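Remarks on the overall topology
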Amino acid sequence: MSDEASLPADVTLYWLPLGAGGHCIRFNGRVFEALQARHQHRPVRDLYHSALQVRLGAHRFVIEMTPVLGGRATDRGVVREGPVGSRLLGCSPLFRYEIRRWRDGTIPDLAEAVTGAHVVSTGTTRAREVLRLAPLVPALVWGRDESRTGDMWNSNSSTAWLLAGSGHQMENIRPPAHGRAPGWQAGLVVASRHNASRRHRATCSG
């Protein structure tokens, strides 16, 4: 066994209540979910935001998509940015999001994670692939359905795209019971299209 293969490595998923630590976001989320449930004729569910932690040997990385914060982006490992609401609004820092691949970083409100940590894979192959893909997450408009997936693009889309694109078994990964992760399906659909296109290119080049 190679030294690299023997490194301790894993990918861990956390489910955080939407708006944990922020009463305004939590209230707006509840209103949104109530309207969605009424429109879709289903029970109201709890809403969740997802974040990842990747451990590779002695190193640990937090991967999360959040609104842009002030200060130096390098301090929190920002590898990608995109617009919120519309591409026009995204010209302002107030309407932009960032994707972090933050070495030794923190996940705000981690103590509120529901059902704790979910290790979705072990081993260096998938851990390295998640880290490699983080800067390649599509910079679609947060809150819109530009790719016509039937679901809006948001932080859960980023998580789902990374896990699906790195070869995780997505049928076994889902929000806590009686919960919903808006944007998750968008990430799965866009990742599936990306993977299909990559396989097609590989076939043609072969």
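Scroll up a little and you will see the structure.
Residues numbered from 1 in each chain as written. Predicted model: local features only at pLDDT ≥ 70, side-chain atom pairs only at ≥ 80, totals over all residues. Heavy atoms only, no water.

Take the overall build of the protein chain next. In terms of helices and strands, the protein chain carries four helices and seven strands. The secondary structure elements of the protein chain, listed N-terminal to C-terminal, are β-α-β-β-β-β-β-α-α-β-α. Buried positions account for 42% of the 206 residues belonging to the protein chain. A total of about 11,300 Å² of accessible surface is found on the protein chain, and carbon and sulfur atoms cover 56% of it. (Helix = DSSP H or I, 4+ residues; strand = E, 2+ residues; numbered from the N terminus. Buried < 20%, exposed > 50% of the residue type's maximum accessible area, 1.4 Å probe, protein only. Areas by Shrake-Rupley, 256 points an atom, 1.4 Å probe, with all protein chains shown as cover.)

Let's shift gears to the nonpolar core. Core analysis: the biggest nonpolar cluster contains 34 residues, and Leu52, Ile63, Trp153, Trp161 and Trp184 have the highest contact counts within it. Those elements that provide at least two residues to this core are strand 1 (9-17), strand 2 (46-56), strand 3 (59-67), strand 5 (96-103), helix 2 (124-133), helix 3 (155-165) and helix 4 (184-205). Looking at this core, the element that brings in the most residues is helix 3, giving five residues. Setting aside its immediate chain neighbours within four residues, Ile63 contacts Ala51, Leu52, Val54, Arg100, Arg101, Val130, Leu131, Ala134 and Leu162. Formed by six residues, the second largest nonpolar core is a distinct cluster that contains Tyr14, Leu16, Val62 and Ile107. (Core = buried A, V, L, I, M, F, W, Y, C linked by side-chain atoms within 4.5 Å. Contact = heavy atoms within 4.5 Å.)

The subject of this paragraph is the packing of aromatic side chains. By convention here, two paired aromatic rings are described through the distance between centres and the angle between planes. In total, this model carries two aromatic pairs according to the counting rule given. Measuring from centroid to centroid gives 5.2 Å for Trp15 and Trp184, while their planes differ by 50 degrees, and the two rings are tilted. One end of the pair, Trp15, is in strand 1; the other, Trp184, is in helix 4, with 169 residues separating them in the sequence. In terms of burial, Trp15 and Trp184 fall into one category: buried. Arranged with centres 5.7 Å apart and planes meeting at 70 degrees, the rings of Tyr97 and Trp142 form a pair that is edge-to-face. One end of the pair, Tyr97, is in strand 5; the other, Trp142, is in the loop between helix 2 and helix 3, with 45 residues separating them in the sequence. What makes Tyr97 buried here is its relative accessible area of 0%. (Phe/Tyr/Trp six-rings, centres within 6.5 Å; stacked < 30°, edge-to-face > 60°.)

Because the α-helix completes a turn every 3.6 residues, residues three or four places apart line up on one side. Buried within helix 2 are the following residues: Thr124, Ala127, Val130, Leu131 and Leu133. Close packing links the buried residues of helix 2 with strand 1, strand 2, strand 3, strand 5 and helix 3.

In total, this model carries six salt bridges according to the counting rule given. For the salt bridge of Glu146 with Arg87, the shortest nitrogen-to-oxygen distance reads 3.1 Å. Highlighted residues: Glu146 in the loop between helix 2 and helix 3 and Arg87 in the loop between strand 4 (78-83) and strand 5, separated in sequence by 59 residues. A salt bridge links Arg100 to Glu98; the shortest N-O distance between them is 2.9 Å. Take Arg100: its relative accessible area is 5%, and that puts it in the buried class. Members of the salt-bridge network, linked through shared partners, are Arg76, Glu98 and Arg100. (Salt bridge = Lys/Arg side-chain N within 4 Å of Asp/Glu carboxyl O.)

This part covers the side chain of Ser158. Relative to the helices and strands, Ser158 is located in helix 3. The residues contacting Ser158, other than those within four sequence positions of it, are Met65, Ile99, Val137 and Trp153.

Moving on to the packing of helix 2 against helix 3. Between helix 2 and helix 3, the shortest axis-to-axis distance is 9 Å and the interhelical angle comes to 135 degrees. Here helix 3 runs oblique to helix 2, going by the angle between their axes. Note on packing geometry: the crossing formed by helix 2 with helix 3 is right-handed. Contact residues: helix 2 offers Glu129, Val130 and Leu133, while helix 3 offers Trp161, Leu162 and Gly165. The class makeup of the residues in the contact of helix 2 with helix 3 is four nonpolar, one polar and one charged. (Axes fitted to C-alpha atoms, helices over the stretch in contact; angles between N-to-C directions. Parallel < 35°, antiparallel > 145°, perpendicular 65-115°, else oblique. Left-handed = near helix turned anticlockwise from the far one by under 90°. Nonpolar A, V, L, I, M, F, W, Y, C, P; charged D, E, K, R; others polar.)

Another aspect to go through is the pairing of strand 3. Where a strand is regular, its side chains alternate between the two sheet faces. Summarising the sheet, strand 2 and strand 3 pair through five bridges and their orientation is antiparallel. Within strand 3, the position partnered with Leu56 by the bridge is His59. With antiparallel pairing between neighbouring strands as the criterion, strand 2 and strand 3 make up a hairpin whose turn holds two residues, including Gly57 at a positive phi of roughly 65 degrees. In terms of strand pairing, strand 3 meets strand 5 through seven bridges, oriented antiparallel. (Pairing = 2+ DSSP bridges.)

Note that all results are geometric; they support no functional claim without further evidence.
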